[in-house]
Amino acid sequence: MSLCVGLLVSDKKFAALNLQEFVDIAKGKSVRVVRIDLKQPLEHQGPFDVIVHKLTNLEALALLGDAEAAGHVASIKAYLVKHPQTTVLDPLDRVEALLDRGQTLNLLTACHTKLAGVQLSVPTSCPWTPGTDPSSLIEQNELAFPLIIKPMLAHGSSEAHSMALAFTEEGLSHWESPCILQQFVEHNAALHKIFVLGDSYACTKRPSIRSIAAPLSGIFAFDSNQVSKPHSATHLNGIADAVKDCPDLDPVFVAHLVPFLRTQLQLSMFGVDGTSQALVCLRHNFTPPVSPVVPCCFLSFVLLFLIL
């Protein structure tokens, strides 16, 4: 009997990652891949040996009160309760922890350690609710301006990517919703991104925010989706050759970092952003969005979990 993999991913992601090739390769290995349709009962589409998903936006919409999204998430969870033998990549509870930046902060803060002689750290951060006095919070957490303001919800809407740099306490007064205040770390307008898929990983570098003089308003709003894409060239980037001049991560350090994070986070498909010594962001990736994605490697990754 052939193995069955349920694939729960948007049409956009399916096309962008060339997953039809994955489906074709799997078929040649006696692995049946089913594109799960959440509008149909899951019982009629399985049984599944493995479900591989990208559900962060759907789960976030459910948290925001979207009834249809909540119904879809509930149906998936009900199926998994009824079929506990089905492997889920990644477990829903571990992915749900990444929807809230406060929970993500807790996960990352636990990652302070020394790896391959490099002290790994996380920029100082804390949750803040507008309307409360930030002064004592900033002092207590030893924060210093400028600070990055990040919405609590990390997925599900464009607002999740609407951030700001605050240069003064007066600047914070322009922010209206619960958020994370994070110490801005100077990083010469370039970030490292590490994409993890099981034991495999890929490293790349992207443009990022340059040093910025404080505006008169004390705050500088930006869309995080616009400043760290491969070809980002906004007024926030603005340093020629910043990515090219950024030194590569030490491969020995990365080789220690990836298994450490997999164990700490209990995730198999994820990405982290950071400098050579500081993690600044964590997210759940369906597969590493590094071109070209090699579908046969993805198949090997899925089959490994079937064997285990």
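In what follows, the structure referred to is the one given above.
Conventions and cut-offs
- Residues numbered from 1 in each chain as written.
- Predicted model: local features only at pLDDT ≥ 70, side-chain atom pairs only at ≥ 80, totals over all residues.
- Heavy atoms only, no water.
- Helix = DSSP H or I, 4+ residues; strand = E, 2+ residues; numbered from the N terminus.
- Buried < 20%, exposed > 50% of the residue type's maximum accessible area, 1.4 Å probe, protein only.
- Contact = heavy atoms within 4.5 Å.
- Areas by Shrake-Rupley, 256 points an atom, 1.4 Å probe, with all protein chains shown as cover.
- 1 Å grid on protein atoms, 1.4 Å probe; cavity = no way out; pocket = protein on both sides within 12 Å on 5 of 7 lines; lining within 4 Å.
- Points joined across faces, edges and corners; volume = space filled by probe spheres on them.
- Nonpolar A, V, L, I, M, F, W, Y, C, P; charged D, E, K, R; others polar.
- Polar contact = N/O pair within 3.5 Å; in protein donor to acceptor, adjacent residues only side chain to side chain.
- Pairing = 2+ DSSP bridges.
- Axes fitted to C-alpha atoms, helices over the stretch in contact; angles between N-to-C directions.
- Lys, Arg positive; Asp, Glu negative; His and termini not counted.
- Salt bridge = Lys/Arg side-chain N within 4 Å of Asp/Glu carboxyl O.

Draft legend 1. Structural view of the overall build of the protein chain. Looking only at helices and strands, one finds 11 helices and 15 strands in the protein chain. Burial statistics for the protein chain: of 308 residues in total, 48% are counted as buried. In the protein chain, once contacts between residues fewer than 6 apart in sequence are set aside, the share between residues at least 24 apart is 69%. Accessible area for the protein chain stands at about 15100 Å²; split by element, carbon and sulfur atoms hold 55% of it.

Draft legend 2. Representation of empty space enclosed by the protein in the model. According to the stated counting rule, one finds one cavity of 30 Å³ or more in the structure shown. Here the largest cavity is characterised by a volume of approximately 70 Å³. Looking at the lining of the largest cavity, the element that brings in the most residues is strand β14 (residues 269-274), giving three residues. The residue inventory of the lining of the largest cavity, partitioned by class, reads seven nonpolar, four polar and one charged.

Draft legend 3. Highlighting helix α3 (residues 56-63). Inspection of α3 places T56, L58, E59 and A60 among the buried residues, and these make up the whole buried set. With its phi angle positive at about 100°, G65 sits one or two positions after the end of α3.

Draft legend 4. Representation of helix α6 (residues 101-109). Considered for burial, the residues of α6 that qualify are R101, G102, T104, L105, L107 and L108. The N-capping residue of α6, defined by a side-chain oxygen 2.7 Å from the backbone nitrogen of G102, is D100.

Draft legend 5. Region of the structure containing unusual backbone geometry. A cis amide bond, omega -10°, links L89 with the succeeding residue D90. Relative to the elements of secondary structure, D90 occurs in the loop between β4 (87-89) and α5 (92-96). Geometrically, the link from F145 to P146 is a cis peptide bond, its omega value of 5° lying close to zero. On the secondary structure map, P146 appears in the loop between α7 (135-140) and β8 (147-151).

Draft legend 6. Layout of the sheet that holds strand β9 (residues 162-166). One open sheet accounts for five strands, arranged β7-β10-β8-β9-β13; its pairing is antiparallel. Since the sheet does not close on itself, it has two edges, and those belong to β7 (125-128) and β13 (219-223), each with one partner. Mean inter-strand twist for the sheet, computed between neighbouring axes without regard to direction, equals 25°. Sheet analysis places β8 next to strand β10 (residues 179-183), joined by five bridges and oriented antiparallel. Paired with P151 across the bridge in β10 is C179.

Draft legend 7. Structural detail: the pairing of β14. The element β14 is extensively covered by neighbouring structure, given that six of its six residues are classed as buried. Alternating residues of β14 divide into M269, G271 and D273 and F270, V272 and G274, and every residue in both groups is buried. Both strand β11 (residues 190-197) and β14 contribute to a ladder of six bridges, which runs antiparallel. Across the sheet, residue I194 finds its bridge partner in β14, namely V272.

Draft legend 8. Here's a closer look at the side chain of Q45. With respect to the secondary-structure elements, Q45 resides in the loop between β2 (31-35) and β3 (50-53). Residue classification places Q45 among the buried positions, given a relative accessible area of 12%. One polar contact links the side chain of Q45 to the main-chain carbonyl oxygen of P41, over a distance of 3.3 Å. If near-sequence neighbours (up to four positions away) are discounted, Q45 is found in contact with R32, V34, R35, I36, D37 and Q40.

Draft legend 9. Local environment of the side chain of D90. Comment: no salt bridge for buried D90; closest opposite-charge side chain is R262, at 7.0 Å. At a separation of 2.9 Å, a polar atom in the side chain of D90 contacts the main-chain amide nitrogen of M269.

Draft legend 10. Molecular detail of the environment of A154. When you line up the elements, A154 lands in the loop between β8 and β9. Residue class for A154 comes out buried when judged on its relative accessible area of 10%. Distance in space between the C-alpha atoms of A154 and L99 is 5.2 Å, their sequence separation being 55 residues. In contact with A154, not counting residues within four places along its chain, are L98, L99, R101, A160 and H161.

Draft legend 11. Spatial organisation of the sheet that holds β3. Pairing is parallel across the open sheet formed by four strands, whose spatial order is β2-β1-β3-β4. Strands at the two margins of the open sheet, each flanked by one partner only, are β2 and β4. In this sheet, neighbouring strand axes are inclined to one another by 20° on average, regardless of whether the strands run parallel or antiparallel. On the sheet, helix α2 (residues 19-28) packs against β1 (3-8) and β2 and is oriented at approximately 145° with respect to β2.

Draft legend 12. Summary view of the environment of V185. Mapped onto the fold, V185 is located in the loop between β10 and β11. For V185, a relative accessible area of 28% translates into the label partly exposed. When the C-alpha positions of V185 and T124 are compared, they lie 9.6 Å apart, and in sequence the two are 61 residues distant.

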